[in-house]
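Residue-level structural notes
One-letter residues, chain by chain:
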Amino acid sequence: MRELRCDVAVIGAGTAGMAAYRAAREAGARAVLIEAGPGGSTCARVGCMPSKLLITAAKAAHDARRAGEFGVATGPIRVDGVATLQRVRRERDRFVAGVLSEFEKFPNEDRVNGRARFVARDILVLEDRDTRIAFGAAVIAAGSSPAVPELLAGLGDRVLTTDTLFEIPDLPRSLAVIGGGPVGIEIAQAMARLGVAVTLLDGGHALAGLRDPDLVARANALFAAEMTLHFGTKVERAESAGDGIRLTWAGKDGAGGSGVFDRVLAAAGRPPSLRGLGLEEAGLSLDEKGGPCFDPRTLMGEGAPIFVAGDAAASRPVLHEAARQGRIAGRNAAALVRSGPTGIATPAPWVNLAMVFTDPGTAAVGETYDPERAAERVVGAVDFSRQGRARIMDRAAGALRIYADRAGCLTGAEMLCPEAEHLGHLLAMAIQDGQTAQDLRDRPFYHPTVEEGLVTALTRIIDGLDAR
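Residues numbered from 1 in each chain as written. Predicted model: local features only at pLDDT ≥ 70, side-chain atom pairs only at ≥ 80, totals over all residues. Heavy atoms only, no water.

1. Things to note about the overall build of the protein
Counting its secondary structure elements, the protein contains 11 helices and 20 strands. For the protein, the C-alpha radius of gyration of 24 Å lies close to 23 Å, the compact-globule estimate for 468 residues. With respect to the three principal axes, the spread of C-alpha positions in the protein is 70 × 65 × 45 Å. Residues classed as buried in the protein amount to 49% of the 468 residues present. Expressed as a percentage of contacts within the protein between residues at least 6 apart in sequence, the contacts between residues at least 24 apart total 64%. As presented, the protein carries roughly 21,400 Å² of accessible surface, and 50% of it is formed by carbon and sulfur atoms. If the 54 positive side-chain charges of the protein are averaged to one point and the 58 negative ones to another, these points end up 2 Å apart. (Helix = DSSP H or I, 4+ residues; strand = E, 2+ residues; numbered from the N terminus. Rg over C-alpha atoms; globule rule 2.2 N^0.38 Å. Buried < 20%, exposed > 50% of the residue type's maximum accessible area, 1.4 Å probe, protein only. Contact = heavy atoms within 4.5 Å. Areas by Shrake-Rupley, 256 points an atom, 1.4 Å probe, with all protein chains shown as cover. Lys, Arg positive; Asp, Glu negative; His and termini not counted. Charge placed at Lys NZ, Arg CZ, Asp CG, Glu CD.)

Printed below as a string of structure tokens:
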């Protein structure tokens, strides 16, 4: 058996893993990076990038159909599903190649291919490579895998996940999407705009992770105009039906239904890829779901010199957080080896920033809707169905809520509106910097822009503070 020794062993060469490896190296540690394959990161291969490519194609089709609103005649719109998906894969492969090229720039002696498993608190074994790695500290950055309901097992490639969706040769005629979270609603709307008959089933009553009741109602109405929605439902049966799948579901209110679909997309989340890692043998304390218990600021696990980062941490599964967590875990792993527990840093967390790239888009920043804290907050709201630039673009829909404490300090926001990705960023930076509503209101806002919607909401917060 091949024997290796290192200061820091990093499991997984995605966004978090590569950031951890670099950080450990920069801190002076001898680090190795272990990749089980296929590599290229979740974001580039099956997540952020291919989904946005599909969404962009859908937007092109949608805008072409609506060009008549501006007096532009386009004629009949035809979507070539084969060409659409070929472009998705072609551009996706460019992004993946970029990630792989970064991985390949690391020294050969630091890159290890194989599936790792802990056999002790300081020993990893790569059974498929007959390799044993002794480490001072380790970072688990093994990513995530799509969750597939058991009742869909055995139905073959008619069941899709985000790992397989972008490999289909052509668009299906019909698609059932199970799960209305960020991934589910993004893909559902994109497919609907590309001409696929979409039915979305969700056990709750809100889409895209929205919480504010007004925004939830607006979103449900907007998306219901593009697809069939069934809320409060549970799929009870799935079976082959010719070339498709028949789903049977029941509603919490007693109502139910069934339908036959060409394909079914399981979009019920991506749990951490922790199976087979031997967490018990590593001595880590585990939670009720079998995941490692760890400090959310230092990212160090309980019971062993092992850190957790990225999707494996399952706290904020978005790329910018994965990269930051990787850097924190890598630095702290190196510090633990070189200086002991006293060297571990406890950086302050970034403000929460989550987005969904639907149309209109959604964003949640910092603290969002919480009815139990209504008395502690001042709310600034704006209705984008009447916002000037939104109407100019024929995208006048949705609303924005900004939250501040009684001193006027911005604490959070939730939105469903045009350009939510940009408004969300502005508010995230303002909240991270501790700005008040007045501070942000006093910054320059150009006219006419969607950003002027922020001015309206901030002014209402300021007026609300004055009224107190």
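2. A few points about the packing of helix α3 (residues 48-65) against helix α4 (residues 81-104)
The geometry of α3 relative to α4 is characterised by a closest axis approach of 9 Å and an angle of 145° between their N-to-C directions. Taken as a pair, α3 and α4 cross one another with a handedness that is right-handed. Seen from α3, the contacting residues are M49, P50, L53, L54 and A57; seen from α4, they are T84, L85, R87, V88, E91, R92 and F95. For the contact of α3 with α4, the per-class residue count stands at eight nonpolar, one polar and three charged. (Axes fitted to C-alpha atoms, helices over the stretch in contact; angles between N-to-C directions. Left-handed = near helix turned anticlockwise from the far one by under 90°. Nonpolar A, V, L, I, M, F, W, Y, C, P; charged D, E, K, R; others polar.)

3. What to know about the nonpolar core
By size, the foremost hydrophobic cluster in this structure holds 37 residues, and its most contacted members are L54, V177, I185, M191, V198, L200 and M227. At six residues, helix α5 (residues 182-193) tops the list of elements feeding residues into this core. Non-local contacts of L200, meaning those with residues more than four positions away in its chain, are made with V177, G179, G180, G184, I185, A188, L207, M227, T228, L229 and H230. Among the nonpolar cores identified, the runner-up in size contains 30 residues, and F384, M415, L427 and A437 belong to it. (Core = buried A, V, L, I, M, F, W, Y, C linked by side-chain atoms within 4.5 Å.)

4. Brief notes about the sheet that holds strand β12 (residues 244-251)
The strand order across the open sheet formed by three strands is β11-β12-β13, and the pairing between neighbours is antiparallel. Two strands close off the open sheet at either side, each with one partner strand: β11 (233-241) and β13 (256-261). Across the sheet, the mean angle from the axis of one strand to that of its neighbour is 20°, orientation sign disregarded. For β12 and β13, the ladder comprises six bridges, and the chain directions are antiparallel. Looking at the pairing, T248 lines up with S258 of β13. (Pairing = 2+ DSSP bridges.)

5. Here's the deal with the pairing of strand β10 (residues 228-231)
Look at any regular strand and the pattern is simple: side chains alternate between the two faces of the sheet. For strand β9 (residues 197-202) and β10, the ladder comprises four bridges, and the chain directions are parallel. Residue pairing in the sheet places D202 in a bridge with F231 of β10. Where the polypeptide runs from β9 across helix α6 (residues 213-224) and back to β10, its parallel neighbour, the crossover connection is right-handed. (Right-handed = clockwise from strand over helix to strand, strands pointing away.)

6. Quick look at the packing of aromatic side chains
Under the defined criterion, the tally for this structure stands at three aromatic pairs. On the numbers, 4.5 Å between centres and 45° between planes, the contact of Y21 with F106 is tilted. In this pair, Y21 sits in helix α1 (residues 15-26) while F106 sits in the loop between α4 and β3 (111-113), placing the two residues 85 residues apart along the sequence. The exposure class assigned to F106 is buried, which follows from its relative accessible area of 10%. On the numbers, 5.9 Å between centres and 75° between planes, the contact of F118 with F135 is edge-to-face. (Phe/Tyr/Trp six-rings, centres within 6.5 Å; stacked < 30°, edge-to-face > 60°.)

7. Quick look at α6
An α-helical turn contains 3.6 residues, so any two residues separated by three or four positions project in the same direction. Helix length check: α6, at 12 residues, gives a terminal C-alpha distance of 16 Å against a target of 16 Å (1.5 Å per residue), a fit within 8%. Along α6, the residues that are buried comprise L215, V216, A219, N220 and F223. The arc enclosing the buried residues of α6, seen along the axis, measures out at 135°, which places them on a common side. On its buried face, α6 sits against α5, β10, β19 (399-405) and β20 (410-417). (Expected span 1.5 Å × (residues − 1). Arc of directions from axis to C-beta.)

8. Describing the pattern of salt bridges
Summed over all chains, the structure comprises 27 salt bridges. The partner of R30 in a salt bridge is D110, with the nearest N and O atoms 2.7 Å apart. Within this pair, whereas R30 is found in the loop between α1 and β2 (31-35), its partner D110 is found in the loop between α4 and β3, the two being separated by 80 residues in sequence. Put simply, R401 and D214 hold a salt bridge, and the shortest N to O gap is 2.6 Å. Placement of R401 in strand β19 and of D214 in helix α6 is noted, with a sequence separation of 187 residues between them. Judged by relative accessible area, D214 falls into the partly exposed class, the value being 28%. One salt-bridge network, in which partners are shared between bridges, spans D212, D214, R218, D383, R386 and R401. (Salt bridge = Lys/Arg side-chain N within 4 Å of Asp/Glu carboxyl O.)

9. What to know about helix α9 (residues 420-432)
A rise of 1.5 Å per residue sets the reference length of α9, with its 13 residues, at 18 Å; its end C-alpha atoms lie 18 Å apart and thus fit the reference within 8%. Inspection of α9 places A420, L423, G424, L427, A428, A430 and I431 among the buried residues, and these make up the whole buried set. The buried side chains of α9 occupy one side of the element, clustering within an arc of 165° when seen end-on. On its buried face, α9 sits against β16 (353-356), β17 (361-366), β19, β20, α10 (437-441) and α11 (452-467).

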